[in-house]
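The residues making up each chain are set out below.
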Amino acid sequence: MRIGSSIVLIILAAASLWYAKDAFTPADPAATPPAIGETLIRFEPATISSIDIVRQGQRAHIERDARGAWQMDSPINDRVDFQALLALMVSLNGMIIEDGFELEEVRKNHPAELTDYGLADNGVDVILRNNRGESIARFRIGSLAPLSVNDIPTTYVQRLDREYKNRIFVVGGNLRLIVDRPFETWRDQRPLFLPRPPLKIRIAQGQRQIELSRKTADSPWVMESPLSTAADQDAVSTLLASLSEPIATDIVALDSNEQAATAAKSISIWMQKHSAAKLVKGNPALDEKPITLTLLPIKPEEESLTLLSNDRKSALMLPTTAEQAFDLDSNRYRSRTLANIDPAKIFNILIRDPAEASSLVQLRRRGREWEVMLRGEWKRSNDKLIFETLTAINETNIVNFAADGTTDYAQFGLDQPILQAAFISLEESNAIRLNIGRNEDGKHFAKFDGQPFIYEVPDALAFLLPTNPGAWLSTIPFNFSALDLRQVKITQQEWAPLTLRYNYLDSLWIGLLGEKDVTPQLNTVSAHEMAAQLERLQVDRWSTTVSGDALRKLSEPILSVEFQVVPTEADGTEGKVVEHTIDFTPVNKTSKFWLGRIDKRPEVFLIDVAKLALLFPQSLLSPQ
């Protein structure tokens, strides 16, 4: 009994495991059709390497070549528009099932055949294969279905590569709109197909040529021939973009004899790019098969241009406007940016007017701050102004390329420059030296030492570099703490002077109006605000040239401020007393700016009258 019972238990356990295994085995996707609302198929378009379209006994085989271009070998041997293929793959990828049925089920109610759904001889088969040549999916696309979803048409479709191939699906979208297109319209109307960015471009006709290159796809373009100079990045991008647009008006076969007869007069654009398959010392090598576009000379009786490409066997007919892309004017591809000065690498700047022996601006950088030499002493300079000046020089656009190698500098006023500037890095041998001249017509020209080029530049360039050292002073003239302020004396014409004395330890103010003690009337809140404004006083601009009229006005100022600063340590130890005087006077009756100078020095600044109102509030003597 025990043995018999054990055998029964073993059989029951095995049967249970068998049924459990069967219950948890996932359904075969090839045998189980997807439900309504699901997608008929999902795939990554990038994994598709070939597409076959079969309709009415005619097969179109489209395959992606090693360069990444799509080629059709039959019924038309030519390059295919990748956007047309992308539209097809997007339409097939993610088809939403709106309905589905078996043909046999329909036949139970009334006669039905595949021809009723466009899925017989008039159906269109689409086969997708991956990079390994394996079939991903095979569809048969039928006619439009009477069902529409949100005014979107639907199409009958079969999956011929599944066990449920007899099932008919109704999917969203008008797929026939794409697959019924004549194969001639699938041909690429773009002159240029670039699966990878080019690294070299050459435009040539006979011995004349323009050659452009860059080290990597992210590097800037430079011109190598006929001049060695920076290239206009936008101009090169425009060239590539114009040739990558579908601009062909027709695609035709060209007689080889006619091609050979006209090639000698043609203009070619030659492009070389990285090879995705080769590495040289870790870097992609150049492709061994550059693309060459050849524009044949236009015939008088024709209204279009003929373009040949070495990567396709047919010729493109282009509108005559496309001839601009083959323009051999090197100036079109030259950069019109005057300079490319890196502010972070500049540590010294020299500016001078050669006609003025005493005219010399010396600027130096110490850490992050700049200093200017003024009357034998290094003074704090305007860091923001220096950065903005270097940026403005870099952003200056060349008006005209005046000369490319000449010793006749007189016609450009460069034999006697009106301005010279040197921008010096830590390696002085790499200094950038700029000369600015003005000719008899008043036009300004620029030339860099060590370069043969002479550029016509905007007149404003010369004014970016003032030769007055005072113009480079910091707009924040003082560097002290309001806690170190001991006395402020404000003198205004026709008013008694107001003297304010400050004790920072007790935070007390004492006020004298002339000889009268006005401490009880002193608004200490306004006094503290005045001290803070004086500490961070910022002028608007230092004058590049100081007129005698400005100095005369400042010799009899409308407003003067004398203040004393005593640097004091935290323990109360006091340093040397420092005194300053600031004189102010209006520019004129209507201007909102006042003229000012510090300690009777010849440098003059401009300051907005609103800043003076904050500095000297009317409420200083208001009752508290």
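The structure this text deals with has already been given above.
This write-up is about the structure you can find in this document.

About the cut-offs
- Per chain, residues are indexed from 1 in the order of the written sequence.
- Under the rules for a predicted model, residues below a pLDDT of 70 receive no local features and side-chain atom pairs below 80 are neither given nor counted, while totals for whole chains, interfaces and linings still include all residues.
- To get the side-chain values, take all heavy atoms of the structure and skip hydrogens and water.
- The helix and strand labels rest on DSSP assignments: H or I over at least four residues marks a helix, E over at least two residues marks a strand, and numbering proceeds from the N terminus.
- Here the globule rule reads 2.2 Å times residues to the power 0.38, and the radius of gyration is calculated from C-alpha atoms.
- Classification of residues uses two cut-offs on accessible area relative to the type maximum, computed with a 1.4 Å probe and protein chains only: under 20% is buried, over 50% is exposed, and between them is partly exposed.
- Residue contacts follow a heavy-atom distance rule, with two residues in contact if any of their heavy atoms lie within 4.5 Å.
- Think of it this way: Lys and Arg go in the positive column, Asp and Glu in the negative one, and His and the chain ends go nowhere.
- Charged groups are reduced to one reference atom each: NZ for lysine, CZ for arginine, CG for aspartic acid, CD for glutamic acid.
- Lining residues are defined by having an atom within 4 Å of a point belonging to a cavity or pocket. Those points lie on a 1 Å grid over the protein atoms alone, cavities being sets where a 1.4 Å probe fits but cannot get out and pockets being open sets with protein on both sides within 12 Å along at least five of seven lines.
- Grid points are joined across faces, edges and corners, and a volume is the space filled by probe spheres set on the points.
- Three classes are used, and their members are as follows: Ala, Val, Leu, Ile, Met, Phe, Trp, Tyr, Cys and Pro are nonpolar, Asp, Glu, Lys and Arg are charged, and the others, Gly among them, are polar.
- The pairing criterion is simple: DSSP has to find at least two bridges between the two strands.

## Details of the overall build of the protein
Then, number 1: Counting its regular elements, the protein contains 11 helices and 37 strands.
Then, number 2: Relative to a compact globule of 624 residues, whose C-alpha radius of gyration would be 25 Å, the protein shows 41 Å and is clearly more extended.
Then, number 3: Its C-alpha atoms give the protein principal-axis dimensions of about 120 × 95 × 55 Å.
Then, number 4: When burial is assessed residue by residue, the protein has 43% of its 624 residues classed as buried.
Then, number 5: Counted over contacts in the protein with a minimum sequence separation of 6, partners at least 24 positions apart contribute 58%.
Then, number 6: With 68 positive and 82 negative side-chain charges, the protein shows a separation of 3 Å between the mean positions of the two kinds.

## Structural notes on the layout of surface pockets
Then, number 1: One number sums up the size of the largest pocket: a volume of about 880 Å³.
Then, number 2: Forming the boundary of the largest pocket are 34 residues, of which Ala 230, Leu 338, Ala 339, Asn 340 and Ile 341 lie nearest the centre.
Then, number 3: Every element with two or more residues in the lining of the largest pocket is listed here: β13 (229–230), α7 (383–395), β26 (432–438) and β28 (453–457).
Then, number 4: Here the lining of the largest pocket is built from residues that sort into 17 nonpolar, 10 polar and 7 charged.

## A closer look at the environment of Leu 144
Then, number 1: Structurally, Leu 144 is set in strand β7 (residues 135–149).
Then, number 2: Overall, Leu 144 belongs to the partly exposed group, its relative accessible area being 43%.
Then, number 3: Once you skip the residues sitting within four places of it in the chain, Leu 144 turns out to touch Thr 154, Thr 155, Tyr 156 and Asn 174.

## So, the pairing of strand β1 (residues 48–55)
Then, number 1: The element β1 is largely enclosed, with a buried count of 8 among its 8 residues.
Then, number 2: Pairing analysis gives 7 bridges linking β1 to strand β6 (residues 124–130), with the strands arranged antiparallel. The residue of β6 that forms the bridge with Ile 51 is Leu 128.
Then, number 3: Note that β1 and strand β2 (residues 58–64) share 6 bridges and pair antiparallel. Residue pairing across strands places Val 54 opposite Arg 59, the latter belonging to β2.

Don't take any of this as a statement about function, it's just geometry.
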